[in-house]
Amino acid sequence: MSNAAYEKKENWLFWGVFVLYTGILTFILVTRMFVISFLIPELSPVDLPRQYNLIPFHTLQEIKVLSSYFLGNLLMMVPMGVYFGHFFHGKPWAGILACILTPAAIEGLQFALATGRADIDDYLLNLCGELVGIFLYWILFRIFRRDTGKVKTFLTTTALIFPPFLLNYFRYLFVNLDELHFAWIDAAILLVYFGALFLLMKGAARWQYIYVICTATVFGIFFYTGFIAYVH
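Residues numbered from 1 in each chain as written. Predicted model: local features only at pLDDT ≥ 70, side-chain atom pairs only at ≥ 80, totals over all residues. Heavy atoms only, no water.

1. Overview of the overall build of the protein chain
A count of helices and strands for the protein chain gives 9 helices and 2 strands. Beginning at the N terminus, the succession of helices and strands in the protein chain can be written as α-β-α-α-α-β-α-α-α-α-α. Within the span of the protein chain, comprising 232 residues, buried residues form 40% of the whole. (Helix = DSSP H or I, 4+ residues; strand = E, 2+ residues; numbered from the N terminus. Buried < 20%, exposed > 50% of the residue type's maximum accessible area, 1.4 Å probe, protein only.)

2. Some details on the packing of aromatic side chains
Using the criterion set out here, one finds 26 aromatic pairs in the structure. Seen in terms of ring centroids, tryptophan 207 and tyrosine 211 are 6.1 Å apart; in terms of plane orientation they differ by 55°. Their pairing is tilted. Of the two residues, tryptophan 207 and tyrosine 211 both sit in helix H9 (residues 206-231), 4 residues apart, roughly one turn of that helix. Considering the side-chain rings of phenylalanine 223 and tyrosine 224, the 4.8 Å spacing of their centres and the 90° angle between planes classify their relative orientation as edge-to-face. An identical accessibility class is assigned to phenylalanine 223 and tyrosine 224; each is buried. Positioned above the aromatic ring of phenylalanine 14 is the side chain of lysine 152, whose terminal nitrogen or guanidinium carbon lies 4.9 Å from the ring centre. (Phe/Tyr/Trp six-rings, centres within 6.5 Å; stacked < 30°, edge-to-face > 60°. Lys NZ or Arg CZ within 6 Å of the ring centre and 35° of its normal.)

3. Let's talk about the packing of helix H5 (residues 120-143) against helix H6 (residues 148-159)
Two quantities define a packed helix pair, namely the angle between the helix axes and the distance between the axes. At their nearest, the axes of H5 and H6 sit 9 Å apart, and the two run at 125° to each other. Comparing their axes, H6 and H5 come out oblique. Regarding H5 and H6, the two cross each other, and that crossing is right-handed. For the pair formed by H5 and H6, the contact residues are Tyr137, Leu140 and Phe141 on the first element and Thr148, Val151, Phe154 and Leu155 on the second. Looking at the contact of H5 with H6 residue by residue, the class counts come to 6 nonpolar, 1 polar and no charged. (Axes fitted to C-alpha atoms, helices over the stretch in contact; angles between N-to-C directions. Parallel < 35°, antiparallel > 145°, perpendicular 65-115°, else oblique. Left-handed = near helix turned anticlockwise from the far one by under 90°. Contact = heavy atoms within 4.5 Å. Nonpolar A, V, L, I, M, F, W, Y, C, P; charged D, E, K, R; others polar.)

4. Digging into H6
Under the 1.5 Å per step criterion, the end-to-end length of H6 is 16 Å for 12 residues, consistent within 8% with the ideal 16 Å. In terms of burial, H6 is a largely internal element, 9 of the 12 residues being buried. When we look at burial in H6, the residues that qualify are Val151, Lys152, Thr153, Phe154, Leu155, Thr156, Thr157, Thr158 and Ala159. At the N-terminal end of H6, a side-chain oxygen is found 3.0 Å from the backbone nitrogen of glycine 149, two or three residues along, and the residue is aspartate 147. (Expected span 1.5 Å × (residues − 1). Polar contact = N/O pair within 3.5 Å; in protein donor to acceptor, adjacent residues only side chain to side chain.)

5. Focus: a nonpolar patch on the surface
Residues Val132, Phe135, Leu136, Ile139 and Ile143 make up a contiguous nonpolar surface patch of about 450 Å² in total accessible area. Position of isoleucine 143 among the secondary structure elements: in helix H5. With a relative accessible area of 57%, isoleucine 143 lands in the exposed category. (Patch = residues over 30% accessible without salt bridge, like charges linked within 9 Å, V, L, I, M, F, W, Y side chains within 5 Å. Areas by Shrake-Rupley, 256 points an atom, 1.4 Å probe, with all protein chains shown as cover. Salt bridge = Lys/Arg side-chain N within 4 Å of Asp/Glu carboxyl O.)

6. Here we look at H5
Helix length check: H5 (24 residues) gives 35 Å between terminal C-alpha atoms against 34 Å at 1.5 Å per residue, within 8%. The opening residue of H5 is aspartate 119, an N-cap whose side-chain oxygen sits 2.8 Å from the backbone nitrogen of aspartate 121. Remark: arginine 145 follows H5 within two positions and exhibits a positive phi of approximately 55°.

7. Thoughts on the nonpolar core
Judged by nonpolar contacts, the single largest core of 43 residues is most densely connected at Leu25, Met77, Met80, Phe165 and Phe194. Elements with a minimum of two residues in this core: helix H1 (4-39), helix H3 (78-87), helix H4 (92-113), H5, H6, helix H7 (163-172), helix H8 (184-200) and H9. Sort the elements by how many residues they give to this core and H1 lands first, with 9 residues. Once residues within four sequence positions are removed from consideration, methionine 80 is found in contact with Phe18, Tyr21, Thr22, Leu25 and Glu130. (Core = buried A, V, L, I, M, F, W, Y, C linked by side-chain atoms within 4.5 Å.)

8. Quick look at unusual backbone geometry
Backbone geometry places arginine 145, a non-glycine residue, at a positive phi of 55°. Residue position: arginine 145 is located in the loop between H5 and H6. In this structure, arginine 146 is a non-glycine residue whose phi angle is positive, near 65°. Arginine 146 gets classed as partly exposed once you look at its relative accessible area, which sits at 49%.

By themselves these figures say nothing about function.
Written out as C-alpha cells, the structure is:
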C-alpha cells in the first residue's frame, strides 16, 4: 500500500482525473458544437434543427452491436458509473439514481442547446454503461475486502494509464486514414507522459508501478493495432 506522502498526492490525482474525464465528456456530448462554431462561424448551433427520438430501440435496430456508435455510447459512461459507485458506496440507491439522471441531463442539454440528437437509445446505452461501472466498482469493493481506500488507490492508478492514449485518439481524428499509423509523435506523447507520471508517483507501492507498466503495454498494443485496424 502507498505511504502517507503518496496518499496526499493520490487524492489530488483522483480528483484531477475525475475533472479531466468529466470535462472531456461534457465537451464531446454537450459543448463540442459551440467550439466548432467558434472555429467555423458559419456553423452556429442556434441555427441547427433540434432532433430527437423517443421510440426505444429504434436507432439500435439500424446499427451493428459492435459499431462505434454502440460501443462508444456504452463504454464512455462506464467510468462515470465507477465514480458513482465510489461516491455513493454507502448509498447504492443514490448511485443508481445518479446513473438514471445523468444521461437524462445530457440528452436534455443536447436537445435544448441543439448540440446533438436527443435519443432515447443513447440514454439507454449511457445508462447501461453507468450500471456496468457501478457493478465493476462493487466487484472491486469485494476483492479489496470492503476497503474503500485500497479501491480508490486501484481506481486512481488505473485511470492514470489512459490520458496519453486519449490524446493520441483525438490526434487520429484529424489524420488522413492513409497516414493512420503509430508515429514518432505518439511515442513522444507516451514517453513524456509516463516519464512525468512515474516522477509524480514517487512514494507509491511497487505493485502500482508494475501495474501501470503491464496495463499500459497491453492496452497500447490493443490500441495501436486493434483500433487502427478497426478504423481502416
